[in-house]
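Listed below, chain by chain, are the residues.
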Amino acid sequence: MTLALPESRPQPTTDTEALLRLATIAAATRHQDLQAQDRQDDEQAVFHARAEAVAAFGTDGAAALGQWKPSLSMPEDHYRAVVELLPRTSLIATMPRDGSGCLFEVVSYCVGCHTEKTTPVGGLEELAAALGKVRGS
């Protein structure tokens, strides 16, 4: 019986510095991709809100609304944009990404009573009525 010595194999080594560099690059790339997607979503939200506003309120009505901005809170599978109409009063447009329609809501905040009131609007007359209630309160 002969004893055989184990063959010497190189011990596997891990280059932790290289792995850390690769992980950092991957994280930075993912961060850039997410930022680009967020910018694209913001642009789409504003684009669709403008188009839906023209359909709902007419060209002149939509132009009178002011500048649409992307909402800070965009629900999953939806675009959302906001235009400020009065101090503490905004028109919010929420649209499914599949293009199946748009919901416009006038949202007003009462500082004295710390409440928020939301009124759905579908046309220029309803928008004017909702704004009249806000100004009258």
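Let me begin by describing the structure that accompanies this report. Fair warning: this is a prediction, and the values are worked out from it, not measured in the lab.

1. Thoughts on the pairing of strand 2 (residues 78-86)
Here comes step 1: Of the strand pairs in this sheet, strand 1 (residues 69-70) and strand 2 are connected by two bridges, and their pairing is antiparallel. Each residue of the ladder has a partner; that of Pro70, found in strand 2, is Ala81.
Here comes step 2: Bridge count between strand 2 and strand 3 (residues 89-96): eight bridges; the pairing is antiparallel. The partner of Val83 across the bridge, within strand 3, is Leu91.
Here comes step 3: What sits between the antiparallel neighbours strand 2 and strand 3 is a turn of two residues, in which Arg88 has the positive phi angle 60°.

2. Here we look at the sheet that holds strand 3
Here comes step 1: Read across the sheet, five strands follow the order 1-2-3-4-5 without closing on themselves; strand pairing throughout is antiparallel. At either end of the open sheet lies a strand with only one pairing partner, and these are strand 1 and strand 5 (115-121).

3. Some thoughts on the packing of aromatic side chains
Here comes step 1: For the coordinates displayed, the defined rule picks out two aromatic pairs.
Here comes step 2: Taken together, the ring pairs in this structure connect Phe57, Trp68 and Phe104 into an aromatic cluster.

4. Focus on the pattern of salt bridges
Here comes step 1: A full pass over the atoms with the stated rule returns one salt bridge.
Here comes step 2: Note that Arg97 is salt-bridged to Asp41, the shortest N-O span being 3.1 Å. One end of the pair, Arg97, is in the loop between strand 3 and strand 4 (103-110); the other, Asp41, is in helix 1 (residues 16-65), and 56 residues separate them in sequence.

5. Overview of unusual backbone geometry
Among all residues except glycine, the phi angle is most often negative; among peptide bonds, the trans geometry is most common.
Here comes step 1: Unusually for a residue other than glycine, Asp77 sits at a positive phi of about 65°.
Here comes step 2: Relative to the assigned elements, Asp77 resides in the loop between strand 1 and strand 2.
Here comes step 3: A relative accessible area of 51% places Asp77 in the exposed class.
Here comes step 4: The backbone of His114 sits at a positive phi, close to 55°, despite the residue not being glycine.

6. Section: helix 1
Here comes step 1: Here helix 1 contains 50 residues, and its C-alpha end-to-end distance of 56 Å is more than 12% below the 74 Å for a straight helix at 1.5 Å per residue.
Here comes step 2: Its axis deflected by about 120° at Phe57, helix 1 carries its strongest bend there.
Here comes step 3: Those residues of helix 1 that fall on the buried side of the exposure criterion are Ala18, Asp41, Ala45, Val46, Ala49, Ala53, Phe57, Gly61, Ala62 and Leu65.
Here comes step 4: Gly66 sits one or two residues past helix 1 and shows a positive phi near 110°.

7. Comments concerning empty space enclosed by the protein
Here comes step 1: Applying the stated criterion across every chain, the model contains one cavity of 30 Å³ or more.
Here comes step 2: Estimated volume of the largest cavity: approximately 40 Å³.
Here comes step 3: For the largest cavity, the full set of lining residues is Val106, Ser108, Lys117, Thr119, Ala130, Lys133 and Val134.
Here comes step 4: Contributions of two or more residues to the lining of the largest cavity are made by strand 4, strand 5 and helix 2 (124-136).
Here comes step 5: Examining the composition of the lining of the largest cavity, we find that three residues originate from one element, helix 2, more than from any other.

Calculation notes
- Residues numbered from 1 in each chain as written.
- Predicted model: local features only at pLDDT ≥ 70, side-chain atom pairs only at ≥ 80, totals over all residues.
- Heavy atoms only, no water.
- Pairing = 2+ DSSP bridges.
- Helix = DSSP H or I, 4+ residues; strand = E, 2+ residues; numbered from the N terminus.
- Phe/Tyr/Trp six-rings, centres within 6.5 Å; stacked < 30°, edge-to-face > 60°.
- Salt bridge = Lys/Arg side-chain N within 4 Å of Asp/Glu carboxyl O.
- Buried < 20%, exposed > 50% of the residue type's maximum accessible area, 1.4 Å probe, protein only.
- Expected span 1.5 Å × (residues − 1).
- Bend = angle between axes of the 7 residues up to and from the residue.
- 1 Å grid on protein atoms, 1.4 Å probe; cavity = no way out; pocket = protein on both sides within 12 Å on 5 of 7 lines; lining within 4 Å.
- Points joined across faces, edges and corners; volume = space filled by probe spheres on them.

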